[in-house]
Amino acid sequence: MKIVFSVFVLLGVLAARPGLAQEHPPKLDAPYVATPQVTVDEMLRIANVGPQDVVVDLGSGDGRIVVTAAKKFGARGFGVELDWRLNLQAVENARQAGVEDRVKFLEQDLFKTDLSEATVVTTYLLQFMMLRLRTVLLGLKPGTRIVSHDFDFGDWRPDQKTYVRKNVFLWIVPANVAGRWQMRLPLPPVERLLDLEMKQRYQDVEAHARLNGVPTQVWEPKLVGDRLTFAIVDTTDRENEATLYFDGRVRGDVIEGELTRGVGAERTVMKWRAAKTAR
Amino acid sequence: MKAARSVAPAAAAAGLFAGAALAAAPAPPLDIPTPYLPSTTVAVDEMLRLGGVGPDDLVVDLGSGDGRIVIAAARDYGARGLGVELDPQLVAESQANARQAGVADRVSFRQGDALAVDIREATVVTLYLLPGLVEKLKPRLLAQLKPGTRIIAHDYGFEGWKPDRRVVISKTYMLYVVPASVAGRWRLTASLPSGEREFEFELEQQYQDIRGGARVPGGFLPAFEARLDGDRISFVLVEDRVSHRFEGRVSGTLLMEGTVRSGPGRNSGATAWRATRVVRGSDEG
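Quick summary incoming for the structure in this document.

Analysis parameters
- Residues numbered from 1 in each chain as written.
- Chains lettered and ligands numbered in written order.
- Predicted model: local features only at pLDDT ≥ 70, side-chain atom pairs only at ≥ 80, totals over all residues.
- Heavy atoms only, no water.
- Contact = heavy atoms within 4.5 Å.
- Buried area = accessible area lost by both parts, 1.4 Å probe.
- Salt bridge = Lys/Arg side-chain N within 4 Å of Asp/Glu carboxyl O.
- Polar contact = N/O pair within 3.5 Å; in protein donor to acceptor, adjacent residues only side chain to side chain.
- Helix = DSSP H or I, 4+ residues; strand = E, 2+ residues; numbered from the N terminus.
- Nonpolar A, V, L, I, M, F, W, Y, C, P; charged D, E, K, R; others polar.
- Core = buried A, V, L, I, M, F, W, Y, C linked by side-chain atoms within 4.5 Å.
- Buried < 20%, exposed > 50% of the residue type's maximum accessible area, 1.4 Å probe, protein only.
- Pairing = 2+ DSSP bridges.
- Axes fitted to C-alpha atoms, helices over the stretch in contact; angles between N-to-C directions.
- Left-handed = near helix turned anticlockwise from the far one by under 90°.
- Phe/Tyr/Trp six-rings, centres within 6.5 Å; stacked < 30°, edge-to-face > 60°.

Before going further, it helps to examine the interface of chain B and chain A. In this complex, chain B contributes 29 residues to the contact, which on the side of chain A involves 31 residues. Roughly 2700 Å² of surface becomes buried between chain B and chain A when both sides are summed, with 60% attributable to carbon and sulfur atoms. At the boundary of chain B with chain A, the tally comes to 1 salt bridge. Our enumeration of links across chain B and chain A arrives at 5 residue pairs in polar contact (both at pLDDT 80 or more). Elements with a contribution of two residues or more to the side of chain B that touches chain A: α2 (40-50), α3 (68-77), β6 (165-169), β12 (224-229), β13 (232-239) and β14 (242-251) of chain B. Tallied by class, residues from the side of chain B that touches chain A come to 13 nonpolar, 6 polar and 10 charged.

Okay, structure coming up:
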């Protein structure tokens, strides 16, 4: 791994390198096509980038995404680019934008890059690379935002899509919820035991429940990052039927959150906690 | 149709429990929890919840039956309400129910035809009517209701008008937000970083779906991500590699105004824009 520092530029390496480039042109997996600035802006906007974020651009070219994220959105970040000449340009661009202390550019293979620190990953790669990358990205922390334009991840449906001159896609890495879960709900008049079985395809969840052993439909299941919401209709107390709205966060083998029963003046809110019982 | 619906799950559950009963001996008594049948209480709750009903609302229920929606809106959400019902006996029953619920001062019931009543003051309209009547009501609702008024339909929605939200909890609930009328030609002025600008701005509309753009000398800037939510409008114009995000409100039929942010980032300053209608277009809605 080589980190290209702006010092390099100051030493005049830029001037010396072009000759070398003729002899050792970098071997690239995708051609370099710069992303238009309007699209860069839209990508960072749709990902709701802010000062807390670490933005990683895979195939960072002249660094414009990472530099814009730092300069206009207050984020930190790094770019990954195989072409060292573009990296030098990126470092220079970062220096000119006054953000060289918050960004860096790595000359390496993006498939060999540690992405564990990223909260936002941006890409503009050819379709076949996107599909290879999909597996890697699905392993990132739930909630990590991924933004691309023009190219998508096949059958992984984007969570959001906008069109400002180009298609921009946002995906949110979903938590793993597939398996069997169980929780006890301290609701009057009797405690309920809720068994939940979930199947998952990316962020799309199919759920089946048993409330005290009775099959019960799960309505509107939604998974956004680590946030899981769904509703079931509680008919245990026939005189007081109500919908239970679950809203929780997935943390490994535990889901914890709040549960709302009833509406208006009848509304009660309580905590719930489900534990995984089988994968 | 309702009968058929309730029979199917009952039969399925009976099948499930028959298996369990065979395995266990002696056979357990038949105190099996009845499978869920759509409960009106749950349906009423869901409609009011989807409508985001609150103390500032006037909820009008067309075909109000025994008054339960209007009464729940007043009792559980602090709203005011009006029920319209053809059957005078149900109207009398509703009034008695309202007194019993202690909300008689905030709700009223009128014997009459949903197609004839004046609903201009409503901020929320609830419907649980058969498709034919829902369709007949549509032009009236669009003509009378203020932009931003929420219409919540239960099971049967409007044909050709895509709901702004749709929730399925046992049954289907649809939320429609009455869109402002914006179709036509507007003169749009904005102070952009490039200076004071004036565009001829055109919009086509089908209910809440809008599209259009701005004419500039020698070209056309399409309005990207154009959205209309009640009286709130937003769109993006891209010129000279800079995106301008317009957000604003439509006031009446001749004016819309708001703020525009140019360029990327969180700190791009907002400046004012304003558009006046030059030609009113035909709303395809």
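Right, let's talk about the nonpolar core for a bit. All names here are of chain A. M183, L185, M198, F230, F246 and W272 are the most contacted members of the largest nonpolar core, which has 26 residues in total. Looking at this core, the elements that each hand over two or more residues are β9 (179-185), β10 (192-201), β11 (204-211), β14 (227-234), β15 (242-251), β16 (254-261) and β17 (268-278). Looking at this core, the element that brings in the most residues is β11, giving 4 residues. With residues up to four places along the chain from it excluded, the contact list for M183 reads R192, L193, L194, L196, F230, F246, W272, R273 and A274.

Moving on: the pairing of strand β10 (residues 209-216) of chain B. All names here are of chain B. When strand β9 (residues 195-206) meets β10, the two strands line up antiparallel, connected through 7 bridges. Directly across from E200, in β10, lies its bridge partner R215. The turn joining β9 and β10, which pair antiparallel and follow one another in sequence, is formed by 2 residues; a positive phi near 55° is taken by Y207. The pairing of β10 with strand β11 (residues 219-222) spans 4 bridges and is classified as antiparallel. Within β11, the position partnered with V216 by the bridge is G219. Connecting β10 to the antiparallel partner β11 that follows it, the hairpin turn spans 2 residues, and G218 within it adopts a positive phi of roughly 75°.

Residues and elements named next belong to chain A. Strand order in the open sheet made by the 9 strands is β12-β11-β10-β9-β17-β16-β15-β14-β13, with antiparallel pairing throughout. Of all strands in the sheet, those bounded by a partner on one side alone are β12 (214-217) and β13 (219-224). Geometrically, the sheet is characterised by an average inter-axis angle of 25° between neighbouring strands, direction not taken into account.

All names here are of chain B. Taken N-terminus to C-terminus, the directions of α2 and α3 make an angle of 65°; their axes are 10 Å apart at the nearest point. The interaxial crossing formed by α2 with α3 has right-handed handedness. The segment α2 lies against α3, with T40, V44, D45, M47, L48 and R49 engaging R68, I69, A72, A73, D76 and Y77. When the residues that make up the contact of α2 with α3 are grouped by side-chain class, the tally is 7 nonpolar, 1 polar and 4 charged.

Taken in spatial order, the 9 strands of this open sheet run β11-β10-β9-β8-β16-β15-β14-β13-β12 (chain B), and their pairing is antiparallel. Each end of this open sheet is capped by a strand with a single partner; those strands are β11 and β12 of chain B. Geometrically, the sheet is characterised by an average inter-axis angle of 25° between neighbouring strands, direction not taken into account. Taken together, the 8 bridges between β14(B) and strand β15 (residues 255-262) of chain B define a ladder with antiparallel strand orientation. Across the sheet, residue B:G248 finds its bridge partner in β15(B), namely B:G258. Relative to the sheet, helix α3 (residues 37-46) of chain A contacts β13 and β14 of chain B, its axis offset from that of β14(B) by approximately 60°.

So, about the pattern of salt bridges. Summed over all chains, the structure comprises 38 salt bridges over all chains. Here A:E191 ties to A:R184 by a salt bridge, and the two come within 3.3 Å at their closest N and O atoms. Residue A:R261 pairs with A:D234 through a salt bridge whose shortest N-O separation is 3.5 Å. Placement of the pair is A:R261 in strand β16 and A:D234 in strand β14, with a sequence separation of 27 residues. Take A:R261 and A:D234: they sit in the same class, and that class is buried. Each member of the salt-bridge network shares a partner with another, and the members are A:E42, A:R45 and B:R245.

For any two aromatic rings, the description comes down to two numbers: the centre-to-centre distance and the angle of the planes. All names here are of chain B. Considering all chains together, one arrives at 18 aromatic pairs over all chains under this definition. A ring pair is formed by F201 and F235, whose centres lie 4.6 Å apart and whose planes are at 25°; its orientation type is stacked. In this pair, F201 is assigned in strand β9 and F235 in strand β13, connecting sequence segments 34 residues apart. Measuring from ring centre to ring centre gives 5.7 Å for F235 and W273, while their planes differ by 70°; the resulting arrangement is edge-to-face. Taken as a pair, F235 in strand β13 and W273 in strand β16 (residues 270-280) lie far apart in primary sequence, 38 residues in all. The exposure class of W273 is buried, given its relative accessible area of 2%.

Looking now at unusual backbone geometry. All names here are of chain A. Residues other than glycine seldom take positive phi values, yet Y202 does so here, at roughly 55°. Mapped onto the secondary structure, Y202 falls in the loop between β10 and β11. Relative accessible area serves as the criterion here: at 15%, Y202 is assigned to the buried category.

What follows concerns the side chain of B:E239. Residue and element names in this part refer to chain B. Structurally, E239 is set in strand β13. One polar contact links E239 to R197, side chain to side chain, over a distance of 2.8 Å. With near-sequence residues (within four places) excluded, E239 lies in contact with R197, F199, V216, L221 and H244.

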